[in-house]
Amino acid sequence: MKPLRLYVIFFCIIGAYATLGIRLYSLQVLHGDFYSARAESQYRLAGFFEPHRGIVYLTDKKGGLVPATENQPYRVVIAATKEIGDKEAFVENLGPIIGMESEAVHALLEKKGAYRVLLKDPTDDQVTKIAEANIPGIHIDGQERRAYPRGMTASQVIGFVGPSEHDDEVKGRYGIERQFDAELKGTPGSIREGAMAD
């Protein structure tokens with residue numbers, strides 16, 4: 001009986017390793033792109049990839065540095081389209097919470113890209129209801145908007161950040177903000193070979 005028992009144990013071990021190998025092949029090769037995209041989605045939504053825009057400083061009469069710009073945090077409701085299964089259920093559950101008609105939500109979801117900003121500055125009540133609804137594909141993300149605490153002081157020199165009539169990209173549009181936009185905006189992170197790259 002002992003040899004038979006050893007054979008059974010041996011084949012069980014071989015079977016377990018074979019099952020594990022097939023599972024790993026499925027995850028890394030057959031569905032690798034999906035899980036890679038999902039991981040990047042989670043990192044991006046967590047803000048790990050987004051750089052903080054650099055601060056522009058003025059000097060006072062004593063030579064001290066005075067911040068002329070600042071980055072103010074705010075919340076946005078974002079849809080990760082690859083995580084949405086049933087679009088009709090998604091729209092039906094989310095629309096009433098964020099105060100959008102079904103047609104408007106559908107129109108946003110049909111646009112190109114993996115992420116859709118559905119609502120900026122949601123209220124605490126909306127954030128709570130979204131969390132309680134637990135809708136697949138919906139996330140509350142933290143972003144930053146550019147602010148100018150000195151008001152109009154040197155505003156023509158400092159410039160401003162925002163979209164234009166030609167495109168929706170938020171970037172430096174005038175003055176220092178435009179001239180040094182590449183240096184101020186930084187470089188977004190990414191996932192490279194299974195690890196986050198700065």
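About the cut-offs
- Residues numbered from 1 in each chain as written.
- Predicted model: local features only at pLDDT ≥ 70, side-chain atom pairs only at ≥ 80, totals over all residues.
- Heavy atoms only, no water.
- Helix = DSSP H or I, 4+ residues; strand = E, 2+ residues; numbered from the N terminus.
- Buried < 20%, exposed > 50% of the residue type's maximum accessible area, 1.4 Å probe, protein only.
- Contact = heavy atoms within 4.5 Å.
- Areas by Shrake-Rupley, 256 points an atom, 1.4 Å probe, with all protein chains shown as cover.
- Salt bridge = Lys/Arg side-chain N within 4 Å of Asp/Glu carboxyl O.
- Arc of directions from axis to C-beta.

Another point: the overall build of the protein chain. Looking only at helices and strands, one finds eight helices and nine strands in the protein chain. The 198 residues of the protein chain split such that 25% are buried. In the protein chain, once contacts between residues fewer than 6 apart in sequence are set aside, the share between residues at least 24 apart is 62%. Looking at the protein chain as shown, the accessible area adds up to about 14000 Å², and 56% of this sits on carbon and sulfur atoms.

Let's shift gears to the pattern of salt bridges. Oppositely charged side chains can pair when the atoms bearing their charge come close. Considering all chains together, one arrives at eight salt bridges under this definition. Asp-125 is paired through a salt bridge with Lys-129; the nearest N and O atoms lie 3.3 Å apart. In this pair, Asp-125 and Lys-129 both sit in helix H5 (residues 124–133), four residues apart, roughly one turn of the helix. Among the residues examined, Asp-125 registers a relative accessible area of 44% and is labelled partly exposed.

Attention now moves to the environment of Ile-138. In this fold, Ile-138 is placed in strand S5 (residues 138–147). As a C-alpha pair, Ile-138 and Ala-79 span 59 residues in sequence and 4.7 Å in three-dimensional space.

With that settled, consider helix H4 (residues 102–109). Here H4 has its buried residues at Val-105, Leu-108 and Leu-109. One side of H4 carries all its buried residues, which in axial view fall inside an arc of 100°. On its buried face, H4 is in contact with strand S3 (70–80), helix H3 (87–98) and strand S4 (115–120).

Now for H5. Where H5 is concerned, the buried positions are Gln-126, Val-127 and Ile-130. The buried residues of H5 all sit within an arc of 100° when viewed along its axis, so they share a single face. Projecting away from the buried face of H5 at angles above 90 degrees are the exposed residues Asp-124, Ala-131 and Glu-132. Those residues of H5 that are buried are in contact with S3, H3, S4 and S5. Positioned one or two residues after H5, Asn-134 has a phi angle of 50°, which is positive.

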